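# Inside the fold
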Amino acid sequence: MEYTYLGQSGLKVSRLCLGTMNFGVDTDEKESFRILDAALDAGINFIDTANIYGWGENSGRTEEIIGRWFALGGGRRERTVLATKVYGDMHQSYDGPNGEPGLSAYKIRRHLEGSLKRLQTDHIELYQMHHVDRSVQWRELWPAFETAAQQGKIGYVGSSNFAGWDIAVAQGEAKARGSLGLVSEQHKYNLLCRLPELEVLPASKALGLGVIPWSPLDGGLLAGNHRRGAAGRRSGDNKRLEKHRAQLDAYGKLCDELGEPEDLVSLAWLLANPAVTAPIIGVRTLEQLKRSLRAVDIKLDEQTLARIDEIFPGPGGDAPKAYAW
């Protein structure tokens, strides 16, 4: 396994991040434990979750599974760089209107305590805002995160699903306070979704954030599923498959020439971008995890990267050069 620093921090994380969104939903606890153990044994020290995983009335179930895994001991917690998130509705009736999706000092304090309890730990290395909330001011949010850090409950703060200008505002406010600010941005980014190259990736790179791509295989569309008689796993994937079939067929042929499967080439393409820290691999089975591990060993040359650009054209670079004279 290869490692890199998480953004501007001194924290080292593996180049692959284990996503746990399926734990307690499509993956039972026993298999989740097997995946977590195998990931750790393979050198993946970066594990991402969220307080709402488990979904709906089962929100928090995924964190509970990870907490019970930590409780098994054997250095599991000590070897893990743990990331979780705050923003969503945890379906706790006693929160009333303050339980609605969004951010606030109240929510950061209350939901952080809930995550710590479920995860059976006293600290979280990376605490991430799951979405941007433009109705709340940074002069409220940054003190709340700073207090949590001073109490030793969190190490670093990250964002997710932020626009480039949201990242710039957040970092400007943090700098004015003399604090480190954000160290990461978790964002949808893959061969079929390259719009982040306009603003989010250059902003993150310039302002000290490591990009953590989610949905690196776009729900399975970039995994070659269509050649095996299956599209993706999300609603609407069949329509998207038809829309992108010519591209996906051309991509499949290129991967055949390389002698590598589509899913691993898609991950390797992300890893080749200097703005990317670690794509999230949201596996459902131990076999899927073992398969994904080899992505870090695949190095794409410039000619191959150029051919991929021909198949999946990006926006043409960063803004405004991509569209202005």
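Details of the structure are given in the entry above.
To keep things clear, this report deals only with the structure shown in the data block. (Residues numbered from 1 in each chain as written. Predicted model: local features only at pLDDT ≥ 70, side-chain atom pairs only at ≥ 80, totals over all residues. Heavy atoms only, no water.)

### Some details on the overall build of the chain
How we decide: Secondary structure is summarised from DSSP: a helix means a run of H or I of at least four residues, a strand means a run of E of at least two, and numbering begins at the N terminus for each. With C-alpha atoms as the basis for the radius of gyration, the globule rule is written as 2.2 Å multiplied by the number of residues raised to the power 0.38. Buried means the residue's accessible area, taken with a 1.4 Å probe over protein chains only, is under 20% of the maximum for its type, while exposed means over 50%, and partly exposed covers the values in between. We call two residues in contact when some of their heavy atoms are within 4.5 Å. Residue-level accessible areas treat just the shown protein chains as cover; the underlying method is Shrake-Rupley with a 1.4 Å probe.
Secondary structure summary: the chain contains ten helices and ten strands in total. A compact globule built from 325 residues would reach a C-alpha radius of gyration of about 20 Å, and the chain, at 20 Å, matches this within 12%. Counting only C-alpha atoms and orienting by the principal axes, one finds that the chain spans roughly 55 × 55 × 35 Å. By the burial criterion, 54% of the 325 residues in the chain qualify as buried. The contacts of the chain with a sequence gap of at least 6 include a subset with a gap of at least 24, amounting to 76%. About 14,600 Å² of surface is accessible on the chain, with carbon and sulfur atoms providing 50% of the total.

### Considerations on a nonpolar patch on the surface
Cut-off, in case you're wondering: What makes a patch is a set of residues exposed beyond 30% relative accessible area and free of salt bridges, joined within 9 Å when like-charged and within 5 Å when nonpolar (Val, Leu, Ile, Met, Phe, Trp, Tyr). Salt bridge criterion: a side-chain nitrogen from Lys or Arg within 4 Å of a carboxyl oxygen from Asp or Glu.
A contiguous nonpolar patch, built from Met 21, Val 25 and Trp 55 and spanning about 260 Å² of accessible area, is present on the exposed surface. Mapped onto the secondary structure, Val 25 falls in the loop between β3 (17-19) and α1 (29-41). Residue class for Val 25 comes out partly exposed when judged on its relative accessible area of 44%.

### Some points on the environment of Ser 292
In this structure, Ser 292 sits in helix α9 (residues 286-292). It is 11 Å that separates the C-alpha atoms of Ser 292 and Pro 279, two residues lying 13 residues apart in sequence.

### Some words on the sheet that holds strand β7 (residues 154-160)
Cut-off, in case you're wondering: Paired strands, in this sense, are two strands between which DSSP finds at least two bridges.
Strand order in the open sheet made by the eight strands is β9-β8-β7-β6-β5-β4-β3-β10, with parallel pairing throughout. Of all strands in the sheet, those bounded by a partner on one side alone are β9 (210-214) and β10 (280-281).

### Observations concerning the pairing of strand β8 (residues 182-188)
Operational definition: Orienting the strands away from the viewer, one traces the path from the first strand over the helix to the second; a clockwise path indicates a right-handed crossover.
In terms of residue burial, β8 counts as a mostly covered element, since six of its seven residues are buried. Note: β7 against β8, four bridges, orientation parallel. Each residue of the ladder has a partner; that of Ser 159, found in β8, is Glu 185. Viewed along the sheet, the connection from β7 through helix α5 (residues 164-177) into β8 turns out right-handed. Two elements, β8 and β9, share five bridges in a ladder whose sense is parallel. Within β9, the residue paired with Ser 184 across the bridge is Gly 210.

Spatial relationships are all this shows, so hold off on functional conclusions.
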